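# An overview of the molecular structure
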Amino acid sequence: MTVDHPTQTNPANKDTQEPSALVIGGGVAGMQAALDIANQGFKVHLVEKTPSIGGHMAAIDKTFPTLDCSACILTPRLSEVARHPNIELLTYSEVKRVTGKAGNFHVEVIRKPRYILEDKCSGCGDCSEVCPIEVANEFDEGLGFRKATYLPFPQATPNVYTIDKRDHPACRINCPAGVNAQAFVTLMNQKKYAEAIRIVRDAIPFPGTLGRVCVSWCEGQCQRGEYDESVSIRNLHRFLSDYEREHNTQVTVEPQIKRSERVAVVGAGPAGISCAYHLARKGYPVTVFEKRSEEGGLLKYAIPEYRLPRDILQEEIQWVAKHGVEFVCDREIQSIDELKDEGFKAVFIATGASHSNKLMIAGEDSKGVYHAIDFLDRVASHKPVELGERVVVIGGGDAAVDSCRTALRLGASEVTMIYRRSQVELPAIPSEVEMARQEGIRFMFLTNPVEVLTQKGTVQGVKCIRMRLGEPDHSGRRRPIPIPDSEFTVVADTMIIAVGQSVEPIPLHNDLDTTEWGTIITDQVTLQTSNEGVFAGGDCVLGPATVVQAVGQGEEAAISIDRYLNGLDIRAGRDPEVYRIARPKIDQSTFIPQARAEMPHQSIASRKGDFSEVELGFDEDTALDESGRCLNCTICCECMNCVEACDRDAIDHSMKEERLSLNVGAIVVATGYKLFEVSKYKRLGYGKFKNVITAMEFERLINAAGPTQGHLIRLSDGKMPKNIGFVQCVGARDTQKNVPHCSRVCCMYGIKNAVMAREHDPEAKVSIYYADIRAFGKGFEEFFEMSKTRFGVNFVRGRVGEVDENPENDNLMIQVENTETGSVEKVEHDLLVISPGLLPADDVNILAEELGIALSDEGYIDVRNELTSPVDTSKMGIFVCGCADGPKDIPDSVTAGSAAAMRASIVLGGMIAGQDSEHTIESLAPEAELETTKSR
Amino acid sequence: MVAIATTSKMDPDWEPRIIAYCCNWCSYAGADLAGTSRIQYPPNARILRVNCTGRIDVEFILAALDMGADGVLVSGCHPGDCHYTSGNLKARARWALMEKVIEQSGVNPKRVRLQWASASEAQIFADGVRTLIDQVKELGPIKREWR
Amino acid sequence: MSDPVPVAMGQGSSCWGCFQSLIDIHLGLADILPKLEIKYWQAVADFKLHHLENYEDKSIVVGFYEGMARTEEDIHLLKVMREKCQILIAFGSCSCFGGIPTLANQSDIEECYDVKFRENKTFKDGKVPSENLPRIEPVVRPNSEYVDFDIYLPGCPPTSKLIATAINALLAGETLDLPPHTVCHYCSREKKETPITEILRPFTGKADPERCLLEQGYICLGSSTWGLCEGQCVNKGVTCRGCFGPPPPIMSDYGAAAMSMLGTYAPIEPDKLVEQVKDPLGTFYRFTYGTSHLNRMRVRREDMKQAQEEA
Amino acid sequence: MTEDSVGMNAMESKEELRIGVFVCHCGHNIAGVVDVEDVAKTAATLPNVVFTTHEMFTCSDAGQETIRTMIHEHNLNRVIVASCSPRMHEPTFRRVVEEAGLNRYLFEQVNLREHVSWCHMREPEAATAKANDLVRMAVARAANLEPLPIKKVEITPRTLVVGGGIAGLRAALDIADRGFEVVLIERERELGGNVRKWAHMFPGDKPGHEVLEPMIHRVRKHKNIEIRTGAVIVNFEGYIGNFEVEVSVEGLKKHKKYEVGAVIVATGFQPYVPVGLYNYDKSLDIMTLGDLQGRPDEQQFIRPSDGKPVRKVAFIGCVGSREPGWKGHEHCSRYCCSALAKTAGIMADRLDEVVILYQDIRTYGKEHEDFQRVARQKHVIYTKYPPDAKPEVEVNDGKITMRWKDVLADTDMEFNPDIIVLATAMVPPEGIEEVSHTFSLTRSSDGFFNPEHVKLNPVTTHTAGIMIAGAAQAAKNASESVIDASGAAAKAVGLMAKGAVEIESTVSRVIPDLCSSCATCITACPYGAISWDMSRDPHIAYVTEAKCHGCGTCAAACPSNAIIMLHSTNEQIMAMVEAYLCVPVATPGGGA
């Protein structure tokens with residue numbers, strides 16, 4: 001037809017460039033549709049959800065009725081699609097939005113990040129080899145394992161790997177220092193201790209120290225905690241450090257200073273050391289100034305030795321020093337200029353918050369009253385401390401608990417901790433509190449001191465008042481409110497006040513803007529102060545916080561300083577990300593709870609009077625066991641082993657989801673099917689008995705490329721099954737389960753599987769329990785006949801009732817009514833294979849809604865006219881093939897793919913010819929409808 | 001100028017030399033998969049790719065033995081699976097005749113092996129290579145063999 | 001008319017059939033013989049070996065060597081022929097390819113002795129005769145291993161017509177240009193394209209006289225065989241057994257080609273096929289075993305064995 | 001046929017061989033096991049090798065560029081890449097050498113990854129030795145390689161559709177709507193085939209002729225479609241894209257001749273006429289489902305024999321279907337269970353008793369099961385008979401008595417229906433043998449045509465350019481046939497839209513002088529690509545290259561060595577064997 005009336009040409013068609021089509025779904029039908037459209041010279045965008053095209057067929061072992069090897073016949077087709085110049089393969093992608101109409105659809109496609117660059121990957125598998133994560137391989141129906149970086153199957157197309165990474169791990173994003181807990185836990189679980197500790201050290205220089213004293217927010221958020229108890233992450237990195245010390249496997253470090261710009265760090269506490277460490281690793285010469293005579297800050301002066309042996313701390317500081325960091329002690333920096341004059345190009349201030357807060361009550365200055373930090377500092381510095389018999393400690397933080405336990409070790413006979421809120425609000429590390437309790441510390445909660453009772457200026461006791469909890473305050477904790485007239489007295493001869501610290505006003509701070517509390521004001525992200533080139537972090541910015549926060553800030557500051565010295569925008573791209581916490585995929589019904597490993601302790605008796613370490617550390621078995629509890633929430637743990645292994649720089653962990661916009665003239669939907677969830681039939685025992693498997697699992701078990709290299713075994717004991725039963729019509733032809741129709745392929749694949757079972761073991765007995773054998777296609781009946789005569793498959797007409805397991809041998813006892821003999825038979829099988837019916841693919845309803853096409857009652861895509869246009873959907877220009885509109889076998893799917901391509905190409909051909917929409921309607925409308933419209 | 005490299009069974013370093021003709025569609029792909037799956041097998045075989053086992057003239061096998069191959073493997077698609085419909089059936093018939101002739105001539109027919117290995121049967125392919133090599137090792141260098 | 005050309009006729013171990021075929025030129029001989037001066041032909045003219053040995057080298061223009069060289073004496077004669085003749089013709093399939101006698105190489109020499117002498121009921125004392133007999137070579141080698149030929153004239157025997165053609169061409173100093181076609185080329189039977197489902201022995205059933213014998217299931221090797229016979233047998237209803245050996249280049253492995261051909265015609269289940277084709281070696285290498293790969297291997301092994309024994 | 005001669009000219013003169021060998025590390029995939037440097041070094045000592053190198057990733061853009069540059073710099077005329085499996089990258093490298101002006105068939109790949117380094121990971125020395133051997137073999141082969149023309153045949157933009165049933169109509173319309181010409185031939189006088197004769201279609205409810213009418217109407221007025229009814233093909237020859245067909249048309253004296261590029265065979269089926277079964281030919285009251293459907297839609301259903309109203313009907317399924325050992329009747333006819341269920345359901349509304357005798361109920365797929373459910377709801381009685389004891393039907397004085405065993409109730413049954421309806425098999429139509437000969441199509445045991453591949457190429461055949469659709473391929477219902485038709489149309493349009501197809505140059509070729517007319521190759525070829533060249537006497541074999549798939553079976557089979565399998569010649573193969581086994585004496589090493 002020529003264009004008689006050019007004016008009538010749909011103007012919307014004018015600006016569409018080259019006519020192209022969209023095919024949704026890369027199974028065998030979608031591939032065929034794409035090829036047949038592309039072979040006409042049109043462009044095709046083939047969108048596939050999973051990393052590879054091939055669909056279900058790729059997982060099938062043999063195909064009925066010819067017993068062709070599925071992979072053999074499919075592989076050439078896969079590469080044909082991959083190499084076709086007119087086909088753009090968009091795997092790992094999903095169609096999001098569709099607008100427009102036939103001849104001019106606008107489609108938005110989301111490309112999920114595969115974290116591997118398709119054009120660089122050669123499919124060599126080096127990344128997969130070093131990947132520490134193993135997860136159930138969905139391609140093998142979960143029977144085998146794959147890595148987090150994987151190729152779904154050997155012939156996958158495109159032949160590129162995909163990294164399976166989902167959202168973000170709670171442990172890692174909750175760590176202020178950004179320690180990649182999931183990665184190091186995973187690696188250590190594989191005894192890769194050196195690699196694991198390397199991961200820790202990428203974030204912090206203190207695996208041993210933080211492994212003992214960290215507040216462990218990671219554990220607080222650990223998803224394992226949602227099921228039983230969180231993973232003991234802190235203790236695990238302590239183990240790594242212990243292991244390294246014990247086995248002397250610490251890697252030697254050489255300074256790698258290659259920059260000329262010197263950086264000064266003021267304050268050798270955790271923040272300062274962390275900053276210096278990261279800067280040195282970046283190649284900067286760093287000098288750390290410390291006003292006291294030793295490095296370590298509060299780690300050294302405030303944390304008691306029984307928690308953090310000093311040799312450990314010292315070694316870790318030394319290790320930082322080995323990176324080329326210079327420590328200058330006993331020097332207090334007075335001004336920024338002082339440093340600039342000495343030639344430092346950037347400064348990091350981390351002077352901490354060592355000033356103890358006061359209670360502001362009467363008698364606070366009496367003899368026998370200590371402030372916690374001073375107290376702990378004195379003890380740590382081996383200075384004399386006078387301590388009575390009865391010690392009262394005020395406060396609920398770590399310093400309070402430390403003070404209690406230190407007092408006990410110094411000989412106090414009775415130590416009481418007084419805290420104004422309840423135990424729930426106690427900010428100290430719970431395990432520390434627990435140990436304190438074990439050691440005999442008494443706790444008085446909801447109690448607040450109001451006056452120190454003295455005699456001759458010496459403490460005699462504390463007058464306290466009872467408290468109750470009111471509404472939550474700004475910190476989210478419930479505010480304590482004194483209960484009137486509830487005062488009482490606690491007898492004490494020593495009192496330690498541990499109600500927090502604050503920043504000491506020191507001359508250096510005068511050069512910088514500070515808050516009313518004396519903390520230094522910095523940019524929240526970059527940590528730059530009001531003074532350019534001067535950065536600050538740790539407690540002097542945060543106020544008294546935790547060690548790990550300080551360490552984290554040190555690292556952030558190092559990044560800023562590096563950028564600053566390189567003349568880069570120090571802020572760009574560093575806005576805090578919004579993370580979505582990964583939820584592990586756990587089947588609650590099969591989850592076996594396991595408590596977290598307990599930390600062995602010194603006996604309580606030996607702790608008293610002794611400052612040796614209380615927590616003894618995990619032994620290797622415990623550590624391995626505990627690390628095995630990690631749920632790998634995000635699958636990929638970003639250990640970066642793959643990045644290192646890849647010679648082609650093909651891995652990019654920072655890849656983001658992409659959105660593509662496409663203009664297409666026609667759309668083919670080939671979204672396929674999913675298998676019925678056979679566990680819905682409780683009586684068949686799937687999921688309960690190991691030797692009840694699905695047909696798809698059977699396919700993988702007999703497949704040479706499957707998890708058992710093609711050895712058909714029972715999952716309970718690995719033995720070869722000798723008597724196999726196949727149960728047909730599960731999730732098909734059952735109105736009660738809302739699957740009224742026949743799935744069309746199950747009879748044949750059931751027979752095929754039975755034949756394959758006999759081929760694998762000619763001695764095996766094989767029975768099929770069926771309702772009707774529907775061997776209707778080309779060569780099917782002949783194959784059915786052959787299965788009986790040549791392969792000796794036993795066919796029993798009857799539904800299988802209750803399945804039970806014989807506990808002795810894991811065999812399955814089934815009851816079946818043989819409808820041909822009328823007798824109820826009890827049969828024992830050692831393997832039962834259930835043939836599930838087919839269902840519409842997941843989310844096909846969402847897609848259909850987006851496309852504006854109708855669905856049938858069962859949820860398949862409806863076709864316009866079953867008789868005359870069986871691949872047209874209800875919407876012009878959108879076609880359907882394969883199992884998307886109902887169950888089909890492979891040849892019927894392939895033919896439908898070609899047919900859909902044909903119909904789509906009529907639209908595309910009309911576009912080239914510039915034909916009007918009238919023409920397209922005439923070509924595509926089912927003739928019957930057309931006639932009626934015309935005759936009306 | 002070429003000469004037949006001589007080897008001897010006495011030589012402890014003697015390794016059989018195997019020519020393996022594989023069809024492009026099944027066994028060559030199966031051998032590829034063996035590699036991709038890192039299935040390890042002895043390195044004695046040299047694979048020659050032909051389109052179809054039907055391409056294999058009996059002379060290719062006999063000449064290889066004549067030139068000093070200690071064994072010859074032919075590996076193709078399973079009967080019924082031939083990419084070209086039936087080339088493998090013709091190969092199989094030729095093989096049957098040839099095997100008998102080889103035996104009649106006094107050469108142990110265990111030096112030659114015809115196997116079917118599909119593109120997904122990497123293990124079967126590798127096992128087949130190993131089986132032939134084991135058989136040939138048992139027999140020793142071909143030049144010494146005489147019934 | 002020019003002077004008669006000096007010729008020599010040597011015979012190794014053979015049946016004399018080829019020379020018989022020469023004589024079967026019959027009346028045609030009347031034209032040919034006058035042109036020949038027979039210088040050596042033990043069966044026909046009274047020349048002894050020493051005569052031949054004493055001729056001047058290359059003094060004979062054309063030499064015919066019939067048969068294969070199994071004995072020391074045969075080999076000697078063959079070598080002498082080569083020395084004395086300008087043109088040496090491998091005369092007949094035994095001479096060209098080893099012929100039927102080479103099938104003995106399926107057994108080693110001791111086994112041959114067993115059959116021929118030691119366990120032979122028609123042979124008296126069961127001893128291998130040793131007196132007054134030339135030494136028998138332990139293995140049959142194709143003649144071409146001992147000497148180079150200038151012309152191969154295969155056939156068991158070469159047809160009289162072929163011999164006449166050859167001699168006339170030689171005498172006229174022309175190159176001998178033989179058509180390369182196989183027997184099928186000369187066969188007048190109708191060919192279709194049916195694969196064979198069953199192999200028949202030659203005595204089974206009654207063959208359709210119009211149709212290709214092979215297609216009827218009879219092993220006819222006409223398609224593998226040089227058709228210098230012009231299809232005599234097949235046109236008379238007898239299957240071709242390959243006596244002319246392979247078409248040019250004639251030193252290819254005849255049996256291999258024949259098996260490749262037959263396997264293509266008869267893609268039968270292997271068990272059945274082997275059951276139906278009796279004695280495949282004898283069938284496919286009846287005349288050409290000597291120059292086959294398998295025999296070459298056999299010969300080389302024998303050499304090694306000997307070398308070892310000597311060492 | 002056109003020949004594209006990339007790099008052919010350069011090769012016409014016999015220039016000296018100049019081989020370049022590029023050894024790939026593939027990161028450490030190969031280099032981690034095989035000493036690639038040694039492989040490259042050793043290759044340099046081989047005859048005709050003028051350039052060798054080893055590189056990290058030969059397939060990378062940089063690696064490809066190296067190949068192109070070196071071809072020019074060293075005037076290479078054979079290129080060997082020793083890397084991964086040719087199944088992966090042969091097309092890539094062929095393209096690369098072609099870009100450098102070299103014929104693609106002068107490229108050779110050595111598989112050092114899948115066949116060496118990955119499967120001998122623990123034996124680096126043996127692996128290196130093997131790699132060296134494989135490269136030496138490839139060099140020997142390369143020396144024997146010859147450039148081959150890249151061949152294309154043009155496609156005549158016209159399709160012949162054989163058969164005017166629902167499949168043929170759909171195919172014709174689709175192709176015509178796509179803008180290509182169609183010649184539609186039908187041997188009957190009317191279009192419409194079997195569907196036209198049916199009173200109730202399923203799954204729809206309309207009579208067949210009503211369904212077809214609009215389609216036929218559009219076909220008739222479509223300017224791209226030429227219809228020939230009462231037409232028979234008298235001659236057909238040619239090859240893909242270039243077929244010539246001669247048709248004799250009823251009423252025309254002269255045969256019509258057409259040139260077509262593709263053919264769709266939609267010759268359908270015929271219902272089996274059960275002569276001799278169930279007294280079909282003894283009583284007018286025993287009819288086939290087709291007979292029943294063909295009856296006019298009457299107000300009252302009357303007995304054909306005596307005109308009395310029908311009250312009781314029995315249907316018998318699987319008549320002439322599913323009969324093991326009965327050639328041509330072993331298959332299931334696919335449509336009948338659903339059709340029976342539907343028909344019985346409709347009839348049950350008007351009759352007293354409807355009984356269906358069946359073996360298995362095969363209402364497969366979605367929706368069809370509903371027919372059966374509806375029928376049962378309407379009290380249609382389903383009774384299963386054993387396959388080895390068929391129902392018995394007696395007719396006495398017009399009274400029908402049938403007896404059978406109900407398997408499920410284990411009871412012998414007796415019933416006196418007014419009529420019996422037999423669901424008979426779908427069998428190939430008369431004349432299918434001629435059609436199969438005309439188009440060189442093979443048939444399967446059901447008598448219908450074989451597709452090229454029963455799973456993945458269900459509408460194409462082994463004859464390139466010829467498609468099958470609908471019941472020509474197997475028993476099918478109308479809806480399935482229509483899908484087939486559009487599918488087959490897609491194949492035809494694919495060819496025509498492209499205008500030309502590249503055909504593999506690696507085909508076999510006959511050397512005319514050596515051919516001895518033995519027909520071995522003709523027997524060998526699974527594609528009918530070899531035929532007699534009748535212009536020679538005696539006629540000799542001739543390869544139609546467009547039909548050749550390149551398996552080489554003919555070359556192996558040819559006893560006269562008269563067939564060359566291009567790119568896989570005896571010389572090329574044996575050179576490799578020799579290069580492995582017969583190592584030049586001077587070269588140390590080698591061997592296993």
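Residues numbered from 1 in each chain as written. Chains lettered and ligands numbered in written order. Predicted model: local features only at pLDDT ≥ 70, side-chain atom pairs only at ≥ 80, totals over all residues. Heavy atoms only, no water.

## Notes on the overall build of chain B
Within chain B one finds four helices and four strands. Its helices and strands in sequence order give chain B the pattern β-α-β-α-β-α-β-α, from N to C terminus. Residues classed as buried in chain B amount to 69% of the 147 residues present. Contacts in chain B between residues at least 24 apart in sequence constitute 78% of all its contacts with a sequence separation of at least 6. With an accessible surface of roughly 4,300 Å², chain B has 52% of that area assigned to carbon and sulfur atoms. (Helix = DSSP H or I, 4+ residues; strand = E, 2+ residues; numbered from the N terminus. Buried < 20%, exposed > 50% of the residue type's maximum accessible area, 1.4 Å probe, protein only. Contact = heavy atoms within 4.5 Å. Areas by Shrake-Rupley, 256 points an atom, 1.4 Å probe, with all protein chains shown as cover.)

## Concerning the overall build of chain D
Scanning chain D from N- to C-terminus turns up 15 helices and 29 strands. For a compact globule of 592 residues, the expected C-alpha radius of gyration is about 25 Å, and chain D comes in at 32 Å, more than 25% above that figure. Each principal axis of the C-alpha distribution contributes one length, and for chain D these read about 100 × 65 × 45 Å. The contacts in chain D between residues at least 6 apart in sequence include a share of 68% that link residues at least 24 apart. Only carbon and sulfur atoms are counted for the fraction: they give 49% of the accessible area of chain D, which is about 22,000 Å². Charged side chains in chain D number 62 positive and 76 negative. The centres of these two groups are separated by 4 Å. (Rg over C-alpha atoms; globule rule 2.2 N^0.38 Å. Lys, Arg positive; Asp, Glu negative; His and termini not counted. Charge placed at Lys NZ, Arg CZ, Asp CG, Glu CD.)

## Some remarks on the environment of Asn691(A)
By secondary structure assignment, the location of Asn691(A) is in the loop between strand E30 (673-675) and strand E31 (692-694). Ignoring sequence-local partners within four residues, the contact set of Asn691(A) consists of Arg714(A), Leu715(A), Ser716(A), Asp810(A), Leu812(A), Asp830(A), Leu831(A) and Leu832(A).

## Things to note about the interface of chain C and chain B
Contacts between chain C and chain B engage 34 residues on the former and 27 residues on the latter. For the pairing of chain C and chain B, the buried interface totals around 2,900 Å² over both sides, and the portion due to carbon and sulfur atoms is 63%. Of all residues in chain C, Met259(C), His293(C) and Arg301(C) bury the most surface against chain B, accounting for 20% of the area lost on that side. For the pair chain C and chain B, the number of links is three salt bridges. Ionic pairing is found between Asp66(B) and Arg296(C), a salt bridge with its closest N-O pair at 3.0 Å. (Buried area = accessible area lost by both parts, 1.4 Å probe. Salt bridge = Lys/Arg side-chain N within 4 Å of Asp/Glu carboxyl O.)

## As for the side chain of Thr63(A)
Tracing the chain through its elements places Thr63(A) in strand E3 (residues 62-63). Excluding residues within four positions of it along the chain, Thr63(A) makes contact with Met57(A), Asp68(A), Ser70(A), Ile73(A), Lys752(A), Ile890(A) and Lys455(D).

## Looking at the arrangement of the chains
Here five pairs of chains make contact, and the pair sharing the most contacts is chains A and D. For chain A and chain C, which are not in contact, the least C-alpha distance works out to 17 Å.

## Things to note about the side chain of Asn806(A)
Residue and element names in this part refer to chain A. Along the chain, Asn-806 falls in strand E35 (residues 800-806). On the basis of relative accessibility, which here comes to 17%, the residue Asn-806 falls in the buried class. Leave out the neighbours within four places in its chain, and Asn-806 touches Asn-811, Met-813 and Glu-828.

## Section: the environment of Ile38(C)
Relative to the assigned elements, Ile38(C) resides in strand E2 (residues 36-41). Distance in space between the C-alpha atoms of Ile38(C) and Ala8(C) is 5.9 Å, their sequence separation being 30 residues.

## With respect to the pattern of salt bridges
Inspection of the entire model under this criterion finds 117 salt bridges over all chains. Arg322(D) serves as the salt-bridge partner of Asp360(D), at 2.8 Å between the closest nitrogen and oxygen. Pair noted here: Asp360(D) is in the loop between strand E17 (353-358) and helix H10 (368-377) and Arg322(D) is in the loop between strand E16 (312-319) and helix H9 (336-348), with a separation of 38 residues, a long-range link. Arg322(D) sits in the buried class, given a relative accessible area of 8%. The network of salt bridges with common partners includes Arg307(A), Asp402(A), Arg405(A), Arg409(A), Glu432(A), Glu439(A) and Arg607(A).

## Thoughts on the domain arrangement of chain D
Looking at the assigned domains, one finds that chain D contains domain 1 (2-148), domain 2 (158-269 + 429-501), domain 3 (271-427) and domain 4 (508-565). Relative placement of domain 1 of chain D and domain 4 of chain D: their C-alpha centres are 32 Å apart. (Domains from an automatic or database assignment.)

## A look at the interface of chain D and chain A
As a measure of interface size, the accessible area lost when the parts come together is often cited. Contacts between chain D and chain A engage 82 residues on the former and 76 residues on the latter. When the two sides are added together, the surface that chain D and chain A hide from each other amounts to roughly 6,500 Å², 54% of it contributed by carbon and sulfur. Counting the surface chain D buries against chain A, the share from its top three residues, Lys366(D), Lys455(D) and Leu456(D), is 13%. Inspection of the region where chain D meets chain A yields ten salt bridges. Between Asp174(D) and Arg903(A) there is a salt bridge, with its nearest N and O atoms 2.8 Å apart. Taken together, the connections running from chain D to chain A amount to 26 residue pairs in polar contact (both at pLDDT 80 or more). Counting residues per element, the ones that place at least two in the side of chain D that touches chain A are helix H3 (86-99), helix H6 (166-177), helix H7 (208-221), H10 and helix H12 (478-498) of chain D. Take the side of chain D that touches chain A: its biggest share by element is 15 residues, from H12(D). Looking at side-chain class alone, the side of chain D that touches chain A contains 36 nonpolar, 19 polar and 27 charged residues. (Polar contact = N/O pair within 3.5 Å; in protein donor to acceptor, adjacent residues only side chain to side chain. Nonpolar A, V, L, I, M, F, W, Y, C, P; charged D, E, K, R; others polar.)

## What about the sheet that holds strand E36 (residues 811-818) of chain A?
Residues and elements named next belong to chain A. What the three strands build is an open sheet, ordered E35-E36-E37; its pairing is antiparallel. Both edges of this open sheet fall to E35 and strand E37 (823-829), since each of them pairs with a single strand only. The mean inter-strand angle of the sheet, taken between neighbouring strand axes irrespective of direction, is 20°. (Pairing = 2+ DSSP bridges. Axes fitted to C-alpha atoms, helices over the stretch in contact; angles between N-to-C directions.)

## Remarks on the nonpolar core
Residues Ile37(A) and Phe184(A) are the most contacted members of the largest nonpolar core, which totals 186 residues. When residues of this core are assigned to their parent elements, the largest contribution, twelve residues, is made by helix H27 (residues 890-912) of chain A. Look past the residues within four positions of Ile37(A) in its chain and what remains in contact with it is Ala21(A), Val23(A), Phe42(A), Val44(A), Val668(A), Ala901(A), Ala904(A) and Leu908(A). Counting residues in each nonpolar core, the second largest holds 164 residues, with Val74(B), Val101(B), Val112(B) and Ile71(D) among its members. (Core = buried A, V, L, I, M, F, W, Y, C linked by side-chain atoms within 4.5 Å.)

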